[in-house]
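# Observations on the three-dimensional arrangement
Below are the chains, spelled out letter by letter.
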Amino acid sequence: MSMDWLQTIGQKTLRFFQRTGRAVIFLVHVLSGLKMLVQRPRLLIRELYSVGVLSLLIIIFSGLFVGMVLSLLGYVTLVDFGAEGSLGVLVSLSLVRELGPVLTALLFSGRAGSALTAEIGLMKATEQLASMEMMAVDPIKRIITPRLIAGILSLPILTAIFMAIGIYSGFLVGGVWLGVDEGSFWSQMQAKVDFQHDVVNGFIKSFIFGIVVTWIAVFEGYDAAPTSAGVSEATTRSVVHSALAILALDFVLTSIMFGI
Amino acid sequence: MPNSLIKISDLTFSYRGRTIFSDLNLDIAEGKVSAIMGPSGTGKTTLLRLIGGQLIPNQGNVMVEGKSIPSLSNKQLYQSRRRMGMLFQSGALLTDLSVFENIAFPIREHYDFPESIIRDLVFMKLEIVGLRGAYKLMPSELSGGMSRRVALARAIVLDPVLMMYDEPFTGLDPITLGTIVSLIKELNQALGMTSILVSHDVKEVLSIADEVHILSNGIVAASGSPDELQNSDSDWVQQFLQGLPDGPVPFHYPATDYAQSLKEDIK
Amino acid sequence: MRVSKSIEIMVGVFVLLGFIALFLLALNISNVSSFGANNGYTVNAYFDNIGGLRTRAPISMSGVKIGRVSQIAYNRQRGQAEVSMTIESQYLLSIDTQASIYTAGLLGEQYISLEPGAEDDVLKSGDMITLTQSAMVLEEIIGKFMVDLTSK
């Protein structure tokens, strides 16, 4: 009985390593399609539309509400210490360092990542990828590479939009509705938020999240079992693994960038 | 006997621990319609994928036009595939492209032709399959038979030397079925290509194939022209061709004795 | 494959929005002044104890921000902390300027406050502020207070 148990663990571990290896080999193959993408940039524009532009709405609204909530909560806490002038600092630092990159990546994996997985998985299930191979077109280079690059480019852009909208909606609640002094809101923010240290590091995070989320999404799609159950499983896995990867990586990156 | 375009020798292939082919030998004659038949699960489609280089055999060799497919580099393989066409069971049209763009897809991917030439090529092939009027439709707007015809037009747009049909007759109404049967025959004669037909629709296959190979248990169980096979004295061939429920191929999946199993509790 | 015009336009707008957001983040929300702060001059000061002073802390004169702490180092020969301050060039400091480290509010960050002197000569780049007052460290004050209390 205990042997069975050990065997299962062993098998699962081996399978995990095998999948990881496959994912890395897959990534190398995907990146080998970059040359073709440079020659045909139109392929990228189409994917930027479906990955980036179509995610815009959810990012704008989320940014709006996150900024408002942050400002409201921050105000309630800070006003007790008479420090409501620091509201701008609180809102902007939280958004730029943490919430911007992390929330945008989570939303992105739910909106665009799951769509990518399902799309690629369905293309596999309906033999579209196999038929491309038989037409002597490498489906990885033709289908996956533009999607991966579009994802990596879109996430930082969406993050910037999320951050900016969040901060302005935070000002709307704090400065306009709750009556925090406009001058101290902006000036303290400008004094405390450093472009290189805070904004650039936030973007580095978002860039790394973009690589990981899109990589997971396209790999899960490509590796899905070619059945409807397989595609739905892969889509779920894509979102769950992306979320875990984002949060775990965020801890590592934050401790490297902002720790001590 | 004409030259053979494909020579499969001593092919062994297993997938997920299940042996599908063991020491399979098969020659496909050039310029003819060869049918590969066999019960479900005998690896007919797998054989097409091995010929197309999408799967690699465990042992043995697949020669197409004198080239050993399993030992080709990726680049050479893609070169060889430009001379092959494959009609998938589902059609496998690219769902985000229109009928026109689907057929234009292989041309656009491989050649830098001006738009007017692409247009002529696409409409020429669409005319052959009788769907020139449907060029604007999206794949989701096509019926099953129409999408198979579009897929056929796409497969032949680069004038392949070898055309592979994966279950082209399944799930079609009688009229479309007749259309596809005559298209396969006509294309083979008009374009002079070699056709491999994978199917288990006995009647249609026997009506158009020049040569029939029946697969069973990982080897070629019988080969010959349709007439030869119909007059075969093998029980097995007769059972397959006439569709008898029981015979050398048992009706029952291997199981314990039925009466005995009723007495046992189900665990 | 064809990409329709409207898709191209939307992608263009998307990328542009991203740049606008980045522009706002750079100019309105954070300070990029560290790039443009080179048009100031540097003066140094030694402190016995700088407390929690960090680089980039503000330097103020009568409450007006006139510069930033650019560098903090420990000078072994003097056994003191050496603080370099970048002062914006339009502000001139007389040579008997006094520098003190204060805390903004009870729990706020520490900054350097300069009190103007009476001399006519002004400090030049690389000069030293000689009159300094160290940071107040809470533990030291409490310690002194306790000593006073027990010695009575």
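Residues numbered from 1 in each chain as written. Chains lettered and ligands numbered in written order. Predicted model: local features only at pLDDT ≥ 70, side-chain atom pairs only at ≥ 80, totals over all residues. Heavy atoms only, no water.

## Things to note about the sheet that holds strand β8 (residues 194-198) of chain B
All names here are of chain B. So the rule is basically this: Strand pairing follows a simple DSSP-based rule, namely that at least 2 bridges must link the two strands. To qualify as a helix, a DSSP run of H or I must reach at least 4 residues; to qualify as a strand, a run of E must reach at least 2; elements of each kind are numbered from the N terminus. Every angle, taken between N-to-C directions, lies between 0 and 180 degrees, and every axis is a line fitted to C-alpha atoms, over only the stretch in contact when it is a helix. Contacts are residue-level and defined by heavy atoms, with any inter-residue pair within 4.5 Å sufficient.
The six strands lie next to each other as β6-β7-β8-β3-β9-β10, forming an open sheet whose pairing is mixed. The outermost strands of the open sheet, each flanked by one partner alone, are β6 (84-87) and β10 (219-224). Looking at each pair of strands side by side, their axes are set apart by 20° on average, direction ignored. Sheet topology note: the β6/strand β7 (residues 162-166) ladder contains four bridges and is parallel. Residue pairing across strands places glycine 85 opposite methionine 163, the latter belonging to β7. Taken strand by strand, helix α5 (residues 144-155) contacts β6 and β7, and its axis lies near 175° from that of β6.

## Re the nonpolar core
The nonpolar side chains of a soluble globular protein tend to be buried, and buried together. For clarity, the threshold we go by: Among buried residues, those of type Ala, Val, Leu, Ile, Met, Phe, Trp, Tyr and Cys that are joined through side-chain atoms within 4.5 Å constitute a nonpolar core. When accessible area is computed with a 1.4 Å probe and restricted to protein chains, residues below 20% of their type maximum are described as buried, those above 50% as exposed, and intermediate ones as partly exposed.
Grouped together as the largest cluster of nonpolar side chains are 77 residues, with contacts concentrated most on Met132, Ile144 and Ile167 of chain A together with Leu25 of chain C. Looking at this core, the element that brings in the most residues is helix α7 (residues 139-177) of chain A, giving 17 residues. Core analysis: the next-biggest nonpolar cluster, separate from the first, contains 50 residues, Val122, Phe169, Ile180 and Leu187 of chain B among them.

## Quick word on the sheet that holds strand β8 (residues 131-133) of chain C
Residue and element names in this part refer to chain C. The strand order across the open sheet built from eight strands is β7-β1-β4-β3-β2-β6-β5-β8, with neighbouring strands paired in mixed fashion. Of all strands in the sheet, those bounded by a partner on one side alone are β7 (128-129) and β8. As paired elements, strand β2 (residues 58-61) and strand β3 (residues 64-75) share four bridges and run antiparallel to each other. In the sheet register, isoleucine 59 faces β3, and the bridge partner there is glycine 67.

## Overview of the interface of chain A and chain C
The criterion, for reference: Salt bridges are counted wherever a side-chain nitrogen of Lys or Arg sits within 4 Å of a carboxyl oxygen of Asp or Glu. By the criterion applied in these results, polar contacts are pairs of N or O atoms within 3.5 Å in which, for protein atoms, one can donate a hydrogen and the other can accept it, and in which residues neighboring in sequence qualify only through two side-chain atoms.
Of the residues lining the interface, 32 residues belong to chain A; the matching set on chain C comes to 26 residues. Linking chain A with chain C are one salt bridge. Glutamate 8 of chain C is the salt-bridge partner of arginine 42 of chain A, the closest N and O atoms lying 3.2 Å from each other. Counting across the interface, chain A meets chain C through one residue pair in polar contact (both at pLDDT 80 or more). Those elements that place two or more of their residues in the side of chain A that touches chain C are α3 (42-52), α5 (87-125), α7, α8 (182-192) and α9 (195-222) of chain A. Considering every element that reaches the side of chain A that touches chain C, the biggest residue donor is α7 of chain A, with 10 residues.

## Some thoughts on the pairing of strand β3 (residues 33-37) of chain B
Residues and elements named next belong to chain B. Within β3, five of the five residues are buried, which leaves the element mostly enclosed by the surrounding structure. Both faces of β3 are covered, namely the face carrying Val33, Ala35 and Met37 and the face carrying Ser34 and Ile36. In terms of strand pairing, β3 meets β8 through four bridges, oriented parallel. Note on β8: the bridge partner recorded for isoleucine 36 is valine 198.

## Considerations on a nonpolar patch on the surface
Basically, it comes down to this: The patches described consist of residues with a relative accessible area above 30% and no salt bridge, like charges being joined within 9 Å and nonpolar side chains (Val, Leu, Ile, Met, Phe, Trp, Tyr) within 5 Å. In these tables, accessible area is a Shrake-Rupley quantity obtained with a 1.4 Å probe, and a residue counts as shielded only by the protein chains included in the view.
Taken together, the side chains of Met136, Leu138, Ile141, Ile142, Phe145, Met146 and Leu149 of chain C define a hydrophobic patch exposed on the protein surface, amounting to about 750 Å² of accessible area. By secondary structure assignment, the location of methionine 146 of chain C is in helix α3 (residues 138-151).

## Remarks on the layout of surface pockets
Residue and element names in this part refer to chain A. For clarity, the threshold we go by: Of the two site types, the cavity is a set of points on a 1 Å grid over the protein atoms alone where a 1.4 Å probe fits but cannot get out, and the pocket is an open set with protein on both sides within 12 Å along at least five of seven lines, each lined by residues with an atom within 4 Å of a point. Grid points are joined across faces, edges and corners, and a volume is the space filled by probe spheres set on the points. Classification convention: Asp, Glu, Lys, Arg as charged; Ala, Val, Leu, Ile, Met, Phe, Trp, Tyr, Cys, Pro as nonpolar; all other residues, Gly among them, as polar.
Looking at the largest pocket, its volume works out to about 1,800 Å³. Counting residues per element, the lining of the largest pocket draws most heavily on helix α1 (residues 2-31), at six residues. The residue makeup of the lining of the largest pocket, split by class, is 20 nonpolar, eight polar and 12 charged.

## Points about the confidence of the model for chain B
Put simply, the rule is: As a per-residue measure, pLDDT tells how confident the predictor is, with possible values from 0 to 100.
Here chain B shows a mean pLDDT of 83. Residues at 70 or above account for 97%. Reported confidences for the modelled complex are a pTM of 0.79 and an ipTM of 0.80.

## A word on empty space enclosed by the protein
All told, the structure shown has three cavities of 30 Å³ or more when counted by the stated rule. Approximately 140 Å³ is the volume found for the largest cavity. Met134 and Met135 of chain A together with Met84, Arg154 and Ala155 of chain B are the residues nearest the centre of the largest cavity, which is lined by 15 residues in total. Breaking the lining of the largest cavity down by element, the ones donating at least two residues are α6 (128-134) of chain A together with β6 and α5 of chain B. Taken together, the residues of the lining of the largest cavity break down into 10 nonpolar, two polar and three charged.

## Focus: the side chain of serine 68 of chain B
Residues and elements named next belong to chain B. Among the structural elements, serine 68 can be located in strand β5 (residues 67-68). Its relative accessible area of 17% is what places serine 68 among the buried residues. A distance of 2.8 Å separates the side chain of serine 68 from the side chain of asparagine 61, its partner in a polar contact. Polar contacts involving the side chain of serine 68 include one to the side chain of serine 71, which spans 2.9 Å. When near neighbours in sequence (up to four residues on either side) are disregarded, serine 68 contacts Asn61, Val62 and Met63.

## Notes on unusual backbone geometry
Residues and elements named next belong to chain B. Look at alanine 92: it is not a glycine, yet its phi comes out positive at around 55°. Here alanine 92 lies in the loop between β6 and α3 (99-110). Backbone geometry at aspartate 159 places phi at a positive 50°, although glycine is not the residue there.

## Examining helix α1 (residues 44-51) of chain B
All names here are of chain B. Burial runs high along α1: six of the eight residues are buried. Among all positions of α1, only Lys44, Thr46, Leu47, Leu48, Leu50 and Ile51 are buried. Positive phi shows up at glycine 53, right after α1, with a value of about 80°.

## Points about the packing of aromatic side chains
Quick note on the threshold: Only rings of Phe, Tyr and Trp enter the pairing, Trp through its six-membered ring, and a pair is recorded when the two centres are within 6.5 Å. The plane angle decides the type: under 30 degrees is stacked, over 60 is edge-to-face, the rest tilted. Distance and angle both matter: a charge sits over a ring if NZ of Lys or CZ of Arg is within 6 Å of the ring centre and within 35 degrees of the ring normal.
Taken as a whole and assessed by the stated rule, the structure comprises 12 aromatic pairs over all chains. On the basis of an interplanar angle of 10° and a centroid distance of 5.1 Å, the ring pair of tyrosine 111 of chain B and phenylalanine 113 of chain B is categorised as stacked. On the basis of relative accessibility, which here comes to 33%, the residue phenylalanine 113 of chain B falls in the partly exposed class. Stacked on the ring of tyrosine 222 of chain A, the Lys or Arg lysine 124 of chain A has its end atom at 6.0 Å from the ring centre. Cation over ring: arginine 78 of chain C sits above tyrosine 46 of chain C, and NZ or CZ is 3.9 Å from the ring centre.

## A short note on the environment of glycine 52 of chain C
Residue position: glycine 52 of chain C is located in the loop between β1 (40-47) and β2. Accessibility expressed as a relative area gives 45% for glycine 52 of chain C, which makes it partly exposed.

## Thoughts on the packing of helix α4 (residues 56-78) of chain A against α7 of chain A
Residues and elements named next belong to chain A. Put simply, the rule is: Two helices that cross are described as forming a left-handed crossing if the nearer one is turned anticlockwise from the farther one by less than a right angle, and a right-handed crossing if clockwise.
Contact geometry for α4 and α7: axes closest at 7 Å, N-to-C directions at 35°. Crossing hand, α4 versus α7: right-handed. Across the interface between the two elements, Leu56, Ile59, Ile60, Ser62, Gly63, Leu64, Val66, Gly67, Met68, Ser71 and Leu72 of α4 pack against Leu158, Ile161, Phe162, Ile165, Gly166, Ser169, Gly170, Val173, Gly174 and Trp177 of α7. Along the lines of polarity and charge, the residues of the contact of α4 with α7 split into 13 nonpolar, eight polar and no charged.

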